[in-house]
Amino acid sequence: MRMQEEICCKIDEERTENEIVSFHQSQKKLVVVGYALTSKKTKSFLQPKLEGLARNKGILFVAIDPHRPLSDQGPFDIVLQKLTGKEWRQILEDYRGTHPEVTVLDPPDAIQHLHNRQSMLQCVADMNLSNAYGKVGVPRQLVIEKDASSIPEVVNNAGLTLPLVAKPLVNDGSAKSHELSLAYDQYSLKKLEPPLVLQEFVNHGGVLFKVYIVGEAIKVVRRFSLPDVTKQELSKSAGVFRFPRVSCAAASADDADLDPSVGELPPRPLLERLAKELRRRLGLRLFNLDIIREHGTRDHFYVIDINYFPGLGKMPEYEHIFTDFLLSLVQSQCKKKPC
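Conventions used here
Residues numbered from 1 in each chain as written. Predicted model: local features only at pLDDT ≥ 70, side-chain atom pairs only at ≥ 80, totals over all residues. Heavy atoms only, no water. UniProt positions renumbered as here; feature names shortened; annotations may be inferred. pLDDT = per-residue confidence, 0-100. Contact = heavy atoms within 4.5 Å. Core = buried A, V, L, I, M, F, W, Y, C linked by side-chain atoms within 4.5 Å. Buried < 20%, exposed > 50% of the residue type's maximum accessible area, 1.4 Å probe, protein only. Helix = DSSP H or I, 4+ residues; strand = E, 2+ residues; numbered from the N terminus. Salt bridge = Lys/Arg side-chain N within 4 Å of Asp/Glu carboxyl O. Pairing = 2+ DSSP bridges.

In the nomenclature of an unreviewed UniProt entry, the chain corresponds to Inositol-tetrakisphosphate 1-kinase from the organism Acer negundo. The UniProt entry for the chain carries the following comment under Subunit (unreviewed entry): "Monomer."

So, in structure tokens, the structure goes:
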């Protein structure tokens, strides 16, 4: 009887040891993602479905306290962040220097490049992308730093055509930075509030395409946008019309019965080429593009905005896409060093 008990105890001990070994092995594989996000961003992004799927894939999200040294927290495999300010950028840069083994999404200086609408679209313009699948450009635009009274003259000298879309020069992710104004006449231009960017309005059938880029993955959704402006409407209209953020989730056009000439998604090969080139030029892996198709054409597209780490919660299947992306980053790390 005693021998049977000893055998049972030995089996239980071995089972416990095996469970501990198994636990440590699973812990080794655990991917720790530290996140430094605003409370609003955390709420919209870290939804229960995402966290549940992440846990099943061995990914753990851990909140970062931006007021404590990063090196005292973690250890992290990946740092996911979208905070602003010079102090935070310096903290991240110092951390990247002392922890090169950690993937920081994304480099602060690269993100900062998208905060200014003057420089935001320059890389798209420089690409001058044109191939068998279509052409991608940017609307003609003008930066106004100050002095609203001079805008009509500056616009006239630049040869820009009305109506003009006015956007705040700084794109810091706030609701105000996404507000648009549409100016129909020269006199109304004086009512605008610099600093801002003026873009020629391109008729696009009232639909824009939000192109989400998450590492190598590309996901496209349709959103309703500003309606076209006819020459007749332009001749009869005056003033400045202000709009809140246009491409919101409530304005989804994915299930709408759209004319194919308006609703057809941009060709996949064209988007893949554009995304690949922008990842390289911007040094970013997590961003989205607002793209429109010039009305009356099938293959002439314009990028009108680029945003870092956009509202992925509005992207279908974002949980699977994002967790796969995080795992791919870890696999990439393992290729560079033994895991």
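Attention now goes to the confidence of the model for the chain. Here the chain shows a mean pLDDT of 87. Residues at 70 or above account for 88%. Residue range residues 1-27 is modelled with pLDDT below 50. Its contacts to residues more than four positions away, or to other chains, number zero contacts.

Attention now goes to the nonpolar core. Side chains of nonpolar character tend, in soluble globular proteins, to be buried together. Ranked by size, the top nonpolar core spans 58 residues in total, and within it Phe-45, Phe-61, Leu-312 and Leu-326 carry the most contacts. At seven residues, the largest contribution of residues to this core is made by helix α12 (residues 318-336). Contacts of Leu-312, omitting those with residues within four sequence positions, involve Phe-45, Tyr-212, Val-214, Leu-286, Tyr-318 and Phe-322. Ile-144, Leu-189, Leu-192 and Leu-196 belong to the second-largest nonpolar core, a separate cluster that totals 14 residues.

A few words on the pattern of salt bridges. All told, the structure shown has 13 salt bridges when counted by the stated rule. Linking Asp-106 and Arg-285 is a salt bridge whose minimum nitrogen-to-oxygen distance equals 3.3 Å. Separated by 179 residues along the polypeptide, Asp-106 in the loop between β4 (103-105) and α5 (108-113) and Arg-285 in the loop between α11 (268-282) and β14 (286-293) bring together distant segments of the chain. Owing to a relative accessible area of 0%, Asp-106 belongs among the buried residues under this scheme. Across the pair Glu-277 and Arg-281 runs a salt bridge, and its minimum N-O distance is 2.9 Å. Of this pair, Glu-277 and Arg-281 are both found in helix α11, four residues apart, which corresponds to roughly one turn of the helix. Residue Arg-281 is classed as partly exposed on the basis of its relative accessible area, which comes to 38%. Within this structure, Arg-117, Lys-167 and Asp-305 form a network of salt bridges that share partners.

UniProt annotation of "binding site: 1D-myo-inositol 1,3,4-trisphosphate" (unreviewed entry) refers to Lys-41, Lys-82, His-178, Lys-210, Asn-307 and Gly-311 when read in the numbering used here. Mapped onto the secondary structure, Asn-307 falls in strand β15 (residues 300-308). With sequence-adjacent residues up to four places away left out, Asn-307 is seen in contact with Leu-114, Asn-171, His-178, Phe-287, Asn-288 and Asp-290. Note that Gly-311 resides in the loop between β15 and α12. Residue class for Gly-311 comes out partly exposed when judged on its relative accessible area of 26%. Setting aside chain neighbours within four positions, we find Gly-311 in contact with Lys-41 and Tyr-212.

Taken across its eight residues, strand β11 (residues 207-214) has eight buried, putting it largely inside the fold. Neither face of β11 is exposed, since Val-207, Phe-209, Val-211 and Ile-213 on one face and Leu-208, Lys-210, Tyr-212 and Val-214 on the opposite face are all buried. Summarising the sheet, β11 and strand β12 (residues 217-224) pair through eight bridges and their orientation is antiparallel. Within β12, the position partnered with Tyr-212 by the bridge is Lys-219. As consecutive antiparallel partners, β11 and β12 are separated by two residues, and within that stretch Gly-215 has a phi angle of approximately 65°, a positive value. Both β11 and β14 contribute to a ladder of six bridges, which runs antiparallel. If you follow Val-214 over to β14, its bridge partner there is Leu-286.

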